[in-house]
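Each chain, written out:
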Amino acid sequence: MIKLLSFILVLTYWVSATYANTVNRSTVESDHLEISAQTGESKFWGNVVFESPQYLLYSGYLLVKSQKDDGDRWQVKELHAWDEVRLLYEDKRGFSDELFYYHDEQIIELVGNARLVDNTGSMEAPLITIYEPTGEVVVKGDEHQRIRVIFED
């Protein structure tokens, strides 16, 4: 019982999990972790850092939905991050209230007070969608917040 208790205490202070497939590896570090083997969901909270070959993500909370591949390894299918989300992606920096990532579609959505900055300028909107395969960025405003783009010379 004492060994189990000390293991739980270690998880409480620092957590690192690795999700891998044949193409790349993703690593998550946080202060806390809750895993459900039945649903394939992992909930991380407290100083979350998600690192993959494509991007680096910081947030207060992160929900990782994953499933086992043919090699019986866990593969990330979806991410949902919230609480002071910061994203480093290629030459861009993203900020938002929430972030959603859909692996199969290779789409990143910055939702709520979204801002994307690079060396050519910045854009702000309620929703910014990044299509990874093409690098296309779609920015959407709504009746409460218009789109704002600043070009740097």
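About the criteria used
Residues numbered from 1 in each chain as written. Predicted model: local features only at pLDDT ≥ 70, side-chain atom pairs only at ≥ 80, totals over all residues. Heavy atoms only, no water. Helix = DSSP H or I, 4+ residues; strand = E, 2+ residues; numbered from the N terminus. Buried < 20%, exposed > 50% of the residue type's maximum accessible area, 1.4 Å probe, protein only. Areas by Shrake-Rupley, 256 points an atom, 1.4 Å probe, with all protein chains shown as cover. Core = buried A, V, L, I, M, F, W, Y, C linked by side-chain atoms within 4.5 Å. Contact = heavy atoms within 4.5 Å. Salt bridge = Lys/Arg side-chain N within 4 Å of Asp/Glu carboxyl O. Pairing = 2+ DSSP bridges. Phe/Tyr/Trp six-rings, centres within 6.5 Å; stacked < 30°, edge-to-face > 60°.

Caption draft 1: Structural detail: the overall build of the protein. A tally of regular secondary structure across the protein gives one helix and eleven strands. When the helices and strands of the protein are listed from N to C terminus, the series reads α-β-β-β-β-β-β-β-β-β-β-β. In the protein, which comprises 153 residues, the share counted as buried stands at 35%. On the protein, roughly 9,600 Å² of surface is accessible, and the fraction owed to carbon and sulfur atoms is 51%.

Caption draft 2: Structural view of the nonpolar core. Formed by 23 residues in total, the largest nonpolar core has its most connected members in Y55, L57, L62, L79, L99 and I108. When residues of this core are traced back to their parent elements, those giving at least two are β4 (41–51), β5 (55–68), β6 (74–89), β7 (92–102), β8 (107–118) and β9 (121–131). Counting residues per element, this core draws most heavily on β6, at six residues. Leaving out residues up to four positions away in the same chain, L57 has contacts with V48, V49, F50, L62, L79, A81, V85, R86 and L99.

Caption draft 3: Structural context of unusual backbone geometry. With phi around 80 degrees, D83 is a residue other than glycine that occupies positive phi space. If you trace the backbone, D83 turns up in strand β6. Residue class for D83 comes out partly exposed when judged on its relative accessible area of 37%. Look at Q106: it is not a glycine, yet its phi comes out positive at around 55 degrees. Secondary-structure assignment places Q106 in the loop between β7 and β8.

Caption draft 4: Representation of the pattern of salt bridges in the model. For the structure on display, the rule yields four salt bridges. Of the charged contacts, one joins K92 and E90 as a salt bridge, the two residues approaching to 3.9 Å between their closest N and O atoms. On the basis of relative accessibility, which here comes to 62%, the residue E90 falls in the exposed class. Among the ionic pairs, D91 bridges to K92, the shortest N-O distance being 3.4 Å. With relative accessibility at 42%, the residue D91 sits in the partly exposed group. Residue K92 is classed as buried on the basis of its relative accessible area, which comes to 14%. In the salt-bridge network here, residues are joined through shared partners; they are E90, D91 and K92.

Caption draft 5: Representation of the pairing of β7 within the structure. With ten bridges joining them, β6 and β7 adopt antiparallel strand pairing. Directly across from E78, in β7, lies its bridge partner Y102. Counted between consecutive antiparallel strands, the loop separating β6 from β7 contains two residues, among which E90 sits at a positive phi close to 50 degrees. Across eight bridges, the pairing between β7 and β8 is antiparallel. Within β8, the position partnered with F95 by the bridge is R115.

Caption draft 6: Structural view of the packing of aromatic side chains. This structure, assessed with the given rule, holds four aromatic pairs. Centroid distance Y61 to W82: 5.5 Å. Interplanar angle 10 degrees. Geometry classified as stacked. In this pair, Y61 is assigned in strand β5 and W82 in strand β6, connecting sequence segments 21 residues apart. Connected via pairs of aromatic rings, a cluster forms that spans F50, Y55 and Y101.

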